[in-house]
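Overview (structure and organization)
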Amino acid sequence: SDSLLCDGGSIDLYNGPWLDGVTGEWEDGSMDAVRTVSASGTYSLTLTDAANGCSQTESMNLMSVDLPEFSLGADVLSCPGESIDFDLGIIDPEMTLTWNGASGSSTFSTTEEGPVIVVWSQLGCSDADTTFVEFHPLYSVIWDNNPVVLCLDETVDVHVDDPSWSGTSVDIVWSDGSTGSEYTI
């Protein structure tokens, strides 16, 4: 029979228990009751019946697949509508990729919020990584006076507000670089 090991896994092969007078010998000459293997290869166990001298050999082909590690990185916080791009680099052409459940290549772009899940598979082994894309909220500015009408040599303080924003980390930056919700024109 054949077996597959993924990413440095191991498998236990058992020698027995057998009927009295039957012994098992591995292809390497050992007679261990349990043999843990992790390398690709053909593993054989020969059973011998001491009473009649008959023997039988069973073999197993083991293939070990080490998938590469890919990381999408930390969660992404960006501006609305901005394209968020992911690139896994060069991948083995025998590897299959899915991004959020759809077949894909080594690159993926999204302009939508939510989880980004990449699953890579090869020869029956698979692994995955997930990150989350979130966008800053949209801001809308409401002017107290719009339009602002001034006479020559007159100044006025203008105020802007965003009633939909409840956070504290929004900076209002004016054309001259000054900050704050009020500005003297």
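These numbers were taken from a predicted model, which means no experiment stands behind them.

Turning to unusual backbone geometry, a few remarks are in order. The omega angle of the peptide bond from Gly16 to Pro17 is 5 degrees, so this bond is cis rather than trans. Topologically, Pro17 is positioned in the loop between strand S2 (11-14) and strand S3 (22-26). One non-glycine residue, Asn100, lies in the positive phi region at around 50 degrees. Along the chain, the position of Asn100 falls in the loop between strand S9 (96-99) and strand S10 (102-104). Among the residues examined, Asn100 registers a relative accessible area of 41% and is labelled partly exposed. In this structure, Asp153 takes a positive phi of about 65 degrees despite not being glycine. Mapping Asp153 onto the fold places it in the loop between strand S14 (142-143) and strand S15 (157-161). Exposure remark for Asp153: the relative accessible area of 76% places this residue in the exposed category.

Let's shift gears to a nonpolar patch on the surface. Where nonpolar side chains cluster on the molecular surface, the patch consists of Leu4, Met63 and Leu123 and spans about 260 Å² of accessible area. As for its position among the elements, Leu123 is in the loop between strand S12 (114-122) and strand S13 (125-135). With a relative accessible area of 52%, Leu123 lands in the exposed category.

Bringing the pattern of salt bridges into the picture now. This model, assessed by the stated rule, comprises 2 salt bridges. Between Arg35 and Glu27 there is a salt bridge; the shortest N-O distance is 3.0 Å. Owing to a relative accessible area of 40%, Glu27 belongs among the partly exposed residues under this scheme. Two residues, Arg35 and Asp28, come together in a salt bridge whose shortest N-O distance is 3.3 Å. Since its relative accessible area comes to 13%, Arg35 is described here as buried. Residue classification places Asp28 among the partly exposed positions, given a relative accessible area of 48%.

Spatial ordering of the open sheet is given by S1-S6-S5-S3, a layout of 4 strands whose pairing is mixed. The strands lining the two open edges of the sheet, one partner per strand, are strand S1 (2-6) and S3. The mean angle between the axes of side-by-side strands here comes to 25 degrees, regardless of whether they run parallel or antiparallel. Where strand S5 (residues 41-49) meets strand S6 (residues 55-65), 8 bridges bridge the pair, whose relative direction is antiparallel. Opposite Leu45, over in S6, you have Glu58 as the bridge partner.

Rules behind the numbers
- Residues numbered from 1 in each chain as written.
- Predicted model: local features only at pLDDT ≥ 70, side-chain atom pairs only at ≥ 80, totals over all residues.
- Heavy atoms only, no water.
- Helix = DSSP H or I, 4+ residues; strand = E, 2+ residues; numbered from the N terminus.
- Buried < 20%, exposed > 50% of the residue type's maximum accessible area, 1.4 Å probe, protein only.
- Patch = residues over 30% accessible without salt bridge, like charges linked within 9 Å, V, L, I, M, F, W, Y side chains within 5 Å.
- Areas by Shrake-Rupley, 256 points an atom, 1.4 Å probe, with all protein chains shown as cover.
- Salt bridge = Lys/Arg side-chain N within 4 Å of Asp/Glu carboxyl O.
- Pairing = 2+ DSSP bridges.
- Axes fitted to C-alpha atoms, helices over the stretch in contact; angles between N-to-C directions.

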